[in-house]
Amino acid sequence: MKQAPRILVLNGPNLNLLGVREPDIYGSQTLADVGKRCRDVAKTLGLAVDCKQSNCEGELVEWIQKSRKTHSGIVINAAAYSHTSVAIMDALKLSDLPIIEVHISNVHAREEFRHYSYVSAIADGVICGLGIEGYEYAIQHLSKLIKSPNRK
Ligand code: DQA
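All values derive from a computational prediction rather than experimental measurement.

(A) Representation of the overall build of the protein chain in the model. In terms of regular secondary structure, the protein chain is built from five helices and five strands. When the elements of the protein chain are put in sequence order from the N terminus, they spell out β-α-α-β-α-β-α-β-β-α. Compactness check: the protein chain gives a C-alpha radius of gyration of 14 Å against a globular reference of 15 Å for 152 residues, within 12% of the reference. Seen through its C-alpha atoms, the protein chain measures out along the principal axes to roughly 45 × 30 × 25 Å.

(B) Spatial organisation of the pattern of salt bridges. Taken as a whole and assessed by the stated rule, the structure comprises five salt bridges. In this structure, the salt-bridge partner of Glu-136 is Arg-37, at a minimum N-O distance of 2.5 Å. In this pair, Glu-136 is assigned in helix H5 (residues 133-147) and Arg-37 in helix H2 (residues 31-44), connecting sequence segments 99 residues apart. In this structure Glu-136 comes out as buried when scored by relative accessible area, which is 19%. Here Glu-111 makes a salt bridge to Arg-110, at a shortest N to O gap of 3.9 Å. Residue class for Glu-111 comes out partly exposed when judged on its relative accessible area of 36%.

(C) Up close: the site of the ligand. Contacts to the ligand come from Arg-21, Tyr-26, Asn-77, Ala-79, Ala-80, His-83, His-103, Ile-104, Ser-105, Val-107 and Arg-114. Contact between the ligand and Asn-77: an oxygen atom at 2.8 Å from a side-chain N or O atom of the residue. Within the backbone of Ile-104, an N or O atom sits 2.8 Å from an oxygen atom of the ligand. Starting from 320 Å² of accessible surface for the ligand in isolation, the protein chains cover 99%. Looking at the shell around the ligand, its residues break down into five nonpolar, four polar and two charged.

What counts as what
- Residues numbered from 1 in each chain as written.
- Predicted model: local features only at pLDDT ≥ 70, side-chain atom pairs only at ≥ 80, totals over all residues.
- Heavy atoms only, no water.
- Helix = DSSP H or I, 4+ residues; strand = E, 2+ residues; numbered from the N terminus.
- Rg over C-alpha atoms; globule rule 2.2 N^0.38 Å.
- Salt bridge = Lys/Arg side-chain N within 4 Å of Asp/Glu carboxyl O.
- Buried < 20%, exposed > 50% of the residue type's maximum accessible area, 1.4 Å probe, protein only.
- Near = heavy atom within 4 Å.
- Polar contact = N/O pair within 3.5 Å; in protein donor to acceptor, adjacent residues only side chain to side chain.
- Areas by Shrake-Rupley, 256 points an atom, 1.4 Å probe, with all protein chains shown as cover.
- Nonpolar A, V, L, I, M, F, W, Y, C, P; charged D, E, K, R; others polar.

The following block contains the structure:
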């Protein structure tokens with residue numbers, strides 16, 4: 001039987017504390033809840049999901065590099081690294097995979113330093129301000145991109 005295409009869901013620094021961290025901004029659900037939602041929606045679309053989180057930029061870069069050979073698309077919430085990391089942007093670009101960026105909060109309604117994202121500059125799409133539901137929408141859209149015959 002053909003194996004289901006795999007989506008890599010990456011979360012950056014401090015998102016391991018989802019549910020505890022500023023619940024007025026990020027809500028009360030945990031990263032484990034995000035993982036479950038992602039796996040559930042992926043299953044309905046015939047996709048498999050690997051969820052990973054790191055507080056270290058280099059580890060995220062290494063996972064992105066490896067995903068070139070193992071995954072069909074990436075959902076990434078690079079958290080604070082979105083606003084600072086050329087290294088993560090370069091790795092994502094190199095991967096040549098479809099990429100959807102997610103932010104739980106509406107970064108554009110927050111401090112100015114959150115308005116620019118290096119990831120947005122190379123992502124196929126960006127979802128922000130929809131809470132953790134954003135991850136589900138990202139997987140749904142990736143599914144369309146992966147199945148599209150016109151995919152780059
Ligand atoms: C975030 C927004 C970032 O500005 C912030 O540094 C985060 C989380 C979000 O999901 O809304 O850590 O990416």
